[in-house]
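Residue strings, one per chain:
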Amino acid sequence: MKLIVAVDNEWNIGKDGGLLFRLPADMKFFRETTTGRVVVMGRKTLDSFPNGKALPKRENIVLTNNKDFQRDNVTVCNSVEAVLEEIKKYNTNDVFIIGGEAVYKLFLPYCDTAYVTHINAVAEGADKKFPDLSALSEWKLSEKGEPFDDNGIEISFCTYTKG
């Protein structure tokens with residue numbers, strides 16, 4: 001299983017239920033990486049999408065405590081165990097954890113690859129964080145792309161692997 005996330009210099013990932021920055025190249029990378037695959041997210045992440053709709057051309061799995069929650073084109077699971085059972089239907093290389101904060105933390109132990117967009121900035125007022133992979137001994141930076149400008153902000157695409 002893999003995960004995909006954009007983090008600032010302090011490993012912040014969100015603010016007020018949304019993304020920290022508008023980064024077209026990062027959004028394109030996310031779309032290209034996850035299209036045709038399985039995405040696992042929390043309900044708040046789903047709600048942050050346009051009209052709260054499932055991402056097109058992907059299998060959408062949502063983890064929520066709300067046993068009555070339903071949404072079109074979404075498989076709802078009410079526990080980590082239920083998600084792990086659901087994703088057995090798919091190739092684990094096609095499963096991506098896409099947030100938010102709590103879902104990343106719950107599934108990080110099950111992931112072997114992390115696609116991290118490093119944003120060379122610090123977001124003011126950020127209220128959601130991602131674990132600092134560079135500080136975790138089991139994770140190694142295996143690939144670091146050349147920094148480039150995305151909407152006026154320097155970013156780089158990096159890959160971390162466990163092991």
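Up top is the structure.
(A) Geometry of the pattern of salt bridges. Across all of its chains, the model carries eight salt bridges by this definition. Close ionic contact of Glu85 with Lys88 constitutes a salt bridge, the shortest N to O distance being 3.1 Å. The class for Glu85 is partly exposed, based on a relative accessible area of 49%. A relative accessible area of 60% means that Lys88 is categorised as exposed. Glu86 is the salt-bridge partner of Lys89, the closest N and O atoms lying 3.1 Å from each other. Residues joined by salt bridges that share partners form a network here, namely Arg43, Asp47 and Arg71.

(B) Focus on the state of the cysteines. As enumerated under the stated definition, the model contains zero disulfides in all. In this structure Cys77 is not part of a disulfide, and its nearest cysteine sulfur, from Cys111, lies 15 Å away. Of all cysteine sulfurs, the one in Cys111 lies closest to Cys158, which takes part in no disulfide; the gap is 17 Å. A relative accessible area of 3% places Cys158 in the buried class.

(C) Representation of the packing of aromatic side chains within the structure. As enumerated under the stated definition, the model contains eight aromatic pairs in all. For the ring pair Phe107 and Tyr110, a centre distance of 6.1 Å and an interplane angle of 50° mean the geometry is tilted. Three or more aromatic residues link up through ring pairs in this structure, and these residues are Phe29, Phe96, Tyr115, Phe148 and Phe157.

Cut-offs applied
Residues numbered from 1 in each chain as written. Predicted model: local features only at pLDDT ≥ 70, side-chain atom pairs only at ≥ 80, totals over all residues. Heavy atoms only, no water. Salt bridge = Lys/Arg side-chain N within 4 Å of Asp/Glu carboxyl O. Buried < 20%, exposed > 50% of the residue type's maximum accessible area, 1.4 Å probe, protein only. Disulfide = S-S within 2.5 Å. Phe/Tyr/Trp six-rings, centres within 6.5 Å; stacked < 30°, edge-to-face > 60°.

Interpretation in functional terms is not warranted from these geometric data alone.
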